[in-house]
Structure formats: structure tokens, C-alpha cells
Amino acid sequence: MRVIQPAVLGLALMAAMGVAQATPDAQDTDARGVKISEAAYPGTIVLDVDATDLNQRVFKVRQTVPVQAGLQRFHYPAWLPGNHSPTGALDKLAGLVVTANGQRLEWVRDPIDVYTFNVQVPEGVSELKMDYQFLSPTSSAEGRAVMTPNMLNLQWNAMVLYPAAHAAHAITYQANARYPQGWEAASALEVASRDGDTVHYAPASLEVLVDSPVFAGRYHRTFDLAPAGTRPVRLNVFADRAKDLEAKPEHLEQHRALVAQARKLFGAEHYDHYDYLFAVTDQLGGIGLEHQRSSEDSEGRDYFSGWDAKVGSSDLLGHEYTHSWDGKYRRPRDLATLHYNVPMQGSLLWVYEGQTQYWGNVLTGRSGLRPLDASRDALALVAATYADNRPGLEWRALADTTNDPVIARRRPKPYRGYQMSEDYYQGGQMLWLEADVRIRKLSGGKRSLDDFARTFFGQNDGQWERPDTYIFEDVVAALEKVQPTGDWSQFLHDRLDRKVGLTGGIEASGWKLVYSDKPSAYYKAMSKGRGASFIYSLGLALDSTGRIGEVRWDSPAFNAGFGTGMQVLAVNDLQYSADELEEAVRAAKDGKQPIHLLVKDMDVYRTLDIDYHGGLRYPSLERIPGSTDYLTPILSARK
Ligand SMILES: [Zn+2]
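Worth saying up front: this structure is predicted, and the values here are computed from it rather than measured.

Enquirer: Quick question: what am I supposed to make of the overall build of the protein here?
Expert: In terms of regular secondary structure, the protein is built from 19 helices and 34 strands. A compact globule built from 639 residues should have a C-alpha radius of gyration of about 26 Å, and the protein, at 26 Å, falls within 12% of that. In terms of principal-axis extent, the alpha carbons of the protein reach across some 90 × 60 × 60 Å. A burial count over the protein gives 55% of its 639 residues as buried. Considering only contacts within the protein whose residues lie at least 6 apart along the sequence, 72% involve residues at least 24 apart. As displayed, the protein offers around 26,200 Å² of accessible surface, 50% of which is attributable to carbon and sulfur atoms.

What follows is the structure, given as C-alpha cells:
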């Protein structure tokens, strides 16, 4: 039995309140209390997926499983890596028929664990055939679209029913997939052979299979992102239209610089090859999901064609690539479950996602994918959030938000700043910025968080098969090794447990948060198509029709009676538009009259006045004269 220490966040407080921790062994047993074995499952499971039904969007699956007589339990994956929550799309599984030696066997679902199917296997049977379908969403109301007329996203976790009580790394699968005629497919999985439109993949553990999804499509191009690198890194692009695949050489150079800068940062790679599965699409459902040797990513159709107008507004590729080190190879112990049907615990998501958010943005800056001034403008938005739009920190600690993937499952929230959501991303980014500047200051510029990245994520070059797990104390020890202070544990706890604010890294880096009446180019690119934000002035964010998506808690609008979901129809008696409201806020700055708004609240029309005279306010960063500028070196390319 392995000795496993539980995660420690808030442990003292939980103990004082008599809150029971999950026992260290909780992850080693399933919902029925059965111990999960790490011994190899006997035999190889063959998985055949027919992914050619573009009309009905149905994936047809046959699974052939070696078995022994007796009760056999099969799980459909519930807890998905990277989602950190039980989001397996069980409702899309249909048509399950189990046969053995040509005879049909009945199955019974486990009533307390509905992701589990029981089959009584008769004597003399050594193999089951399980046929079923995955009915992929045909509209966004049903879930994320994974099949369109021009591309598909095959996620193996949605296709398997795996034997219970066995670790995912101990079950061997051999997968075959048939794709629509003439389509290209990309995945981190090794291809054993091709037979027309059917790809036979090399045998792999269930863990590697689930971690190696496929993008396939009609329009496809592959770009080499590491021509001089130690291991291949490929950008596999799939598009709705062939012309959306056109990338200019200078843009590809920035993508290559991302790979080179990551290698400089971590000093090692945890893959034998890395494949970006990248859709530029308005049809496939949006995704950014990390894997050890690949990631599933999507951006709009204009990713390449509209490049220059974007001002580096996306850090997606930098973020997901960082996860190969932070999250996949180095993984919090309480997220590294033996299979997908025991609960994952996210107590260290402020490292897994928080530091990835930090490096994703830093690497996007260092690679040139985002200009330096845009990097500062991006950071200003995060700083403003934690300086002025997280009243939720009055009642909820950053550490507690690591439970949000399970609590909220990314459903929209009416008062996000007050409720808080997955704040461990950007709150974590703030925390790591402050840690970085602290190391730079204390070491007189000799060391930085780059050294932590190399120490913590960059060991064991070339290793990738199994994650290397860690607990809170390991993070503290690595920080102490980089910059001994004796108080890194306290530093982290103070910020995670809301004893200390989260914006200390901004001023420490030689910059301060200010508001100006003009949005930056980055801000405009970022909010393009998302309506208008008056969140730091009136306290309102609206879509293009004037519908209010968010009211900042305790803001002028909030205190004037505005609620999320209302629609603004008129501004000072003129029909609503973002320009009209902007003009009204500007004019009110020099006057005494309130801003007069006609609002529709379901079928009730009302007028509400906001007595606000502070003008337009958009966040930006300004140098503190005479101070050392730590931020510019952080965001600049390493030689
Ligand atoms: Zn992430």
C-alpha cells in the first residue's frame, strides 16, 4: 500500500470544525468500496469506432472485452481529467447490447452509481461484445458539438465502457477508428496501420488512450513548430473552409517561438512528440483541453486571416502547452486518481491552473504572439478584477474556489464577482506574479519563478508515461529551494485563505493599476463581439442588444436597482447602443444629472436613474517612477 498524504489546504480549520478529510485511501477504492487494482488487466480490449455518420452525428462503437465468468462491472468515465468534475456525457450513451458467443446477455445499471453497468458472465464465456452508440450533440442546448459537416473531435473517454476495479494505466486498449472518406486525422496516439479510411492505432493503456483524443476533418494542414527542436511539435490545424488554413510565415514564427521559449523555461519536455489539435471554426464546440502529448484547442474561423486585429488577445495555445508540464506530468496527488469513476479533488488547482495561467500569459508575451504593451494591458484586466471586482473575497477564500468545477460545472452566474467562480485561474496568476517578483527582489535579480518552473516541472526530460504527483508541501519545498525564506507556506496560505489581497505583485513589479477613459487596443480586441463593458464605471456589462450579463455587486448600477438579466432599451430617452451609453457616461462626468435608463425586466418596463459622475474607466498599468521594473523582463523573450 502506498503512503499517501492528504492535501493540506485549510486542514487545521477543517479539523477544528470537525470536518472529515477524505481518507488517504479513498482514491484507491471505488463507489462500491472495491479496491482498485494496479495489476495488468488480462488481455487487450479492442475498440472499434465508426465516426462516419455526419448526417445524424452518431458515433457507433463496438468493444470486444476479454472476461472471466462471474459478475463483471463496467464504468463509463465520469470524472474527466482537465475538467476536474464528473462531466462524462452518460446521457449520450445509447443502444447498449452485450453479447457472448452470439447470445445476448442482459445488463443492469448500478442504482447508486449510474455510470456503472453490471453484466453476469456465464461459464464458458471468455469474451464479451458490447455494441452501443454515442449520440453526439446536435445543438448547443444538448452540449458541445463534436461533429460538424467538416470536422470531428473524437474523445475516447466518451467511447469506452471499461472494466471496473482496475487502474486506467493497467488496462490495455487497441483502438480502431473509421473516419469519413478522404478526411485526415491527427492525435498523439501512434498509428499502427491504415486501411482506407480506417486507422488502426497501436495498443495503449486506457490512461494514454483517454489522454490522446483525435481531431479529424476535411480541411487540414500540419505545421512543424519545432524544426530545430529536440522533439517534434506539430500544429495540426482543421478548418471549416480550406482558405481558413492559410497562415503567414511571420505568424508561424511566433508559434515556433512559443515552443522554443517553453523549452528555455522548463529545460525539459514530457513527451516524445507533441501534437496541437487545433480547430479554427465557428461550428465545432469551443474547447481548450490539455493532455500530456497533445491538446484540444479551438479558435474562431478568422484565427489566421484576422491575426493583426487580435493584438494577441488569446493565450490559449500557450496555456494548454504549459499544461504538458504543469498539470499533466506534474499532477496534484488528489487529482491523479487511478481511474475516472472515483472523485477528483482540486485542492491544488491554484498550481495546476493558476501557475499555468501565469506561464501561459508569460510565454504568449515572450514568444511575440502578444506584444509587450498588450501583455501589460491583459494583466491590468486581471489586476482590476482582484482590486475592484471580487467582493466575493469577503465571504469566500481563493482556496475554496477550487471546488467550483464540481459546484458550478461552468454554468453562467448572475453575480460572478460576488459568487466567485474558478478564481484559482486568475487569482492564482496574481499569486504567482507576486511570488515571481518576490524571488527576483530577494535574490537581487539572480533568480526568478523561472527557476521554480525548471526545478518543479522540468526534471526527468523525456518522461511522460505516468504523472509525477505532488502535494502542497512539495510546492513549498521547491520554493524554499529556489529562494530560502522559511515562510513560503505562510505566503501561500495568506493569499489562499484570504488573509492578504491578491494584487500585491503589481506594485511590487514597479507598476500600478490606473483607470483611463479610453480602452486599450488589447481591450477592444478582447471584447470584440462580446457587447460593451462599463463594469468599472457604472458596474454593467451588456451584450449588443443591451441585455445585462453582469452587474458588479455594490456598484452604482447595482445600488440603483439594476439586476443581471434586465435589458436596457433607452439611454436618456434615446434607443440603446453601446456608443449612446458611452456618450451619456462621458457627458455625466461634467454634469449633475443622473443617467436615465429605460429598462425591460421580463414584461415590466421601468426607468432607473444612475447617479454616477466618475466618467469612463478602463484598467491599465502605469510605471511607478523611480521603482525597479520587474515586469518587463518577465514578459520579454529569454535569450
Ligand atoms: Zn488550464
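Enquirer: Mind showing me how you'd approach the pairing of strand S11 (residues 151-154) here?
Expert: Regular strands have side chains that alternate between both faces of the sheet. With burial as the criterion, each face of S11 is covered, one bearing Met 151 and Asn 153 and the other bearing Leu 152 and Leu 154. With four bridges joining them, S11 and strand S18 (residues 214-217) adopt antiparallel strand pairing. Across the sheet, residue Asn 153 finds its bridge partner in S18, namely Phe 215.

Enquirer: So what exactly am I meant to see when it comes to the sheet that holds strand S27 (residues 532-534) here?
Expert: The strands making up a sheet associate through backbone hydrogen bonding, with each pair oriented either parallel or antiparallel. If you walk across this open sheet you meet the three strands as S27-S28-S29, and the pairing is antiparallel. Since the sheet does not close on itself, it has two edges, and those belong to S27 and strand S29 (548-551), each with one partner. Averaged over neighbouring strand pairs, the angle between their axes works out to 10 degrees when direction is ignored. Judged from the three bridges that link them, S27 and strand S28 (residues 540-542) form a sheet pairing that is antiparallel. Considered in S28, the bridge of Ala 532 is made with Leu 542. Where helix H18 (residues 578-589) meets the sheet, it contacts S27 and S28, and its direction lies at approximately 20 degrees from that of S27.

Enquirer: Explain the packing of helix H7 (residues 354-366) against helix H12 (residues 449-457) here, please?
Expert: Two numbers describe a pair of packed helices, the interaxial angle and the distance between the axes. Where H7 meets H12, the closest approach of the two axes is 13 Å, and the angle between their N-to-C directions is 120 degrees. Looking at the two axes, H7 sits oblique to H12. The way H7 lies across H12 gives a crossing that is left-handed. Contacts from Gln 355, Tyr 358, Trp 359 and Arg 366 of H7 reach H12 at Leu 449, Asp 450, Phe 452, Ala 453 and Phe 457.

Enquirer: Explain the packing of helix H8 (residues 372-388) against helix H11 (residues 426-442) here, please?
Expert: Packing of H8 against H11 leaves a shortest axis separation of 10 Å and a crossing angle of 105 degrees. By the angle class used here, H8 and H11 are roughly perpendicular. Residues Leu 379, Val 382, Ala 383 and Tyr 386 of H8 form the contact with H11, whose own contacting residues are Gln 426, Gly 427, Gln 429, Met 430 and Leu 433.

Enquirer: Can you help me understand the coordination of the zinc ion in this one?
Expert: Protein coordination of the zinc ion is provided by His 319 (NE2), His 323 (NE2) and Glu 353 (OE), with donor distances spanning 2.0 to 2.1 Å. In terms of primary sequence, the donors binding the zinc ion are separated according to H-x3-H-x29-E. Separated by 30 residues along the polypeptide, His 323 in the loop between helix H5 (316-322) and strand S24 (330-332) and Glu 353 in the loop between helix H6 (349-352) and H7 bring together distant segments of the chain. Comparing His 323 with Glu 353 shows no difference in burial state: the two are buried.

Enquirer: For this particular structure, what's the right way to read the nonpolar core?
Expert: Nonpolar side chains in soluble globular proteins tend to be buried together. Residues Leu 47, Leu 128, Trp 156, Trp 432 and Leu 492 are the most contacted members of the largest nonpolar core, which totals 136 residues. Among all residues touching Leu 492, those that are not within four sequence positions of it are Trp 350, Leu 431, Trp 432, Phe 472, Val 475, Val 476 and Leu 479. Core analysis: the second largest hydrophobic core is formed by 30 residues, Tyr 522, Phe 562, Ala 588 and Tyr 612 among them.

Enquirer: Help me understand the sheet that holds strand S20 (residues 233-239), please; the structure alone is not making it clear to me.
Expert: Pairing is mixed across the open sheet formed by five strands, whose spatial order is S19-S20-S21-S23-S22. Strands at the two margins of the open sheet, each flanked by one partner only, are strand S19 (219-224) and strand S22 (288-290). Taken pair by pair, the neighbouring strands of this sheet meet at an average axis angle of 15 degrees, ignoring direction. Strand direction decides the pairing type here: S20 and strand S21 (residues 274-280), joined by seven bridges, are parallel. Paired with Asn 236 across the two strands is Leu 277, which belongs to S21.

Enquirer: Can you walk me through the pattern of salt bridges in this structure?
Expert: Close approach of charged atoms allows side chains with opposite charge to pair. Counted by the stated rule, this structure contains 38 salt bridges. A salt bridge links Arg 234 to Asp 275; the nearest nitrogen and oxygen atoms lie 2.8 Å apart. In this pair, Arg 234 sits in strand S20 while Asp 275 sits in strand S21, placing the two residues 41 residues apart along the sequence. For Glu 422, the salt bridge identified is with Arg 410, shortest N-O distance 2.8 Å. With Glu 422 in the loop between helix H10 (416-419) and H11 and Arg 410 in the loop between helix H9 (404-407) and H10, this residue pair connects regions lying twelve residues apart in the sequence. Taken together, the shared-partner salt bridges connect Arg 366, Asp 436, Arg 440, Asp 450 and Arg 638 into one network.

Enquirer: Where do I start with the side chain of Glu 296 in this structure?
Expert: Here Glu 296 lies in strand S23 (residues 294-299). Within the buried core, Glu 296 has no salt-bridge partner, and the shortest N-O distance to an opposite charge, that of Arg 144, equals 5.2 Å. For Glu 296, the side chain forms a polar contact with the side chain of Gln 155, separated by 3.0 Å. Discounting chain neighbours no more than four positions away, the residues touching Glu 296 are Asn 153, Gln 155, Pro 213, Phe 215, Leu 277, Ile 287, Gly 288, Leu 289 and His 291.

Enquirer: Would you mind going over the pairing of strand S6 (residues 93-100) with me for this structure?
Expert: One ladder, built from five bridges, connects S6 with strand S10 (residues 127-135); its direction is antiparallel. Pairing of Val 97 across the sheet is with Asp 131, part of S10. For S6 and strand S7 (residues 103-105), the ladder comprises three bridges, and the chain directions are antiparallel. Counted as the bridge partner of Ala 100 is Gln 103 from S7. Connecting S6 to the next strand, S7, in antiparallel fashion are two residues, including Asn 101 with a positive phi near 50 degrees.

Enquirer: Looking at this model, I keep getting lost on the packing of aromatic side chains. Mind explaining?
Expert: Note on aromatic pairs: each is described by the distance of the centres and the angle between the planes. Across all of its chains, the model carries 36 aromatic pairs by this definition. Ring centres 5.4 Å apart and planes at 75 degrees place the aromatic pair Trp 107 and Phe 117 in the edge-to-face group. Placement of Trp 107 in strand S8 (residues 107-109) and of Phe 117 in strand S9 (residues 116-121) is noted, with a sequence separation of ten residues between them. Taking the relative accessible area as the measure of exposure, Phe 117 reaches 2% and is therefore buried. Centroid distance Tyr 271 to Tyr 321: 6.3 Å. Interplanar angle 35 degrees. Geometry classified as tilted. Of this pair, Tyr 271 sits in the loop between helix H3 (249-266) and S21 while Tyr 321 is found in helix H5, placing the two residues 50 residues apart along the sequence. Comparing Tyr 271 with Tyr 321 shows no difference in burial state: the two are buried. Stacked on the ring of Trp 464, the Lys or Arg Arg 293 has its end atom at 3.9 Å from the ring centre. If you follow Arg 438 out to its NZ or CZ, it ends over the ring of Trp 488, 4.6 Å from the centre.

Criteria and cut-off values
Within each chain, residue numbers correspond to sequence positions counted from 1 in written order. Predicted model: local features are reported for residues with pLDDT of at least 70 only, side-chain atom pairs are reported and counted for 80 or more only, and whole-chain, interface and lining totals are derived from all residues. As a convention, hydrogens and water are excluded, and side-chain values are obtained from all of the structure's heavy atoms. Per the convention used, a helix needs a DSSP run of H or I reaching at least four residues, while a strand needs a run of E reaching at least two, with both numbered from the N terminus. Radius of gyration here uses only the C-alpha atoms, and the compact-globule reference equals 2.2 Å multiplied by the residue count raised to the power 0.38. Each residue gets one of three labels from its accessible area relative to the maximum for its type: buried under 20%, exposed over 50%, partly exposed in between, using a 1.4 Å probe on protein chains only. The contact criterion used throughout is that any non-hydrogen atoms of two residues lie within 4.5 Å. Areas reported here follow the Shrake-Rupley algorithm with a probe of radius 1.4 Å; residue values treat only the protein chains shown as occluding. One requirement defines pairing of two strands: DSSP has to find at least two bridges between them. Under this scheme, a helix contributes an axis fitted over its contacting stretch, all axes are lines through C-alpha atoms, and angles between N-to-C directions fall in the 0 to 180 degree range. Note on terminology: angles under 35 degrees are roughly parallel, angles over 145 are roughly antiparallel, angles of 65 to 115 are roughly perpendicular, and the others are oblique. Left-handed describes a crossing whose near helix is turned anticlockwise from the far helix by less than a right angle; the clockwise case is right-handed. A donor here means any N, O or S atom no more than 2.8 Å from the metal (3.2 Å for Na, K and Ca); water is not included, so a site may seem to lack partners. For our purposes a nonpolar core is just a set of buried Ala, Val, Leu, Ile, Met, Phe, Trp, Tyr and Cys residues, chained together by side-chain atoms within 4.5 Å. For this analysis, a salt bridge means a side-chain nitrogen from Lys or Arg found within 4 Å of a carboxyl oxygen belonging to Asp or Glu. For this count, His and the chain ends are skipped, Lys and Arg are scored as positive, and Asp and Glu as negative. Each polar contact in these results corresponds to two N or O atoms within 3.5 Å; when the atoms are within protein, one needs to be able to donate a hydrogen and the other to accept it, and residues that are neighboring in sequence are counted only if both atoms are side-chain atoms. Any two rings among Phe, Tyr and Trp, with Trp reduced to its six-membered ring, count as a pair given centres within 6.5 Å; such a pair is stacked if its planes are under 30 degrees apart, edge-to-face if over 60, and tilted if neither. A ring is considered to have a charge above it if a Lys NZ or an Arg CZ atom is located within 6 Å of its centre and within 35 degrees of its normal.

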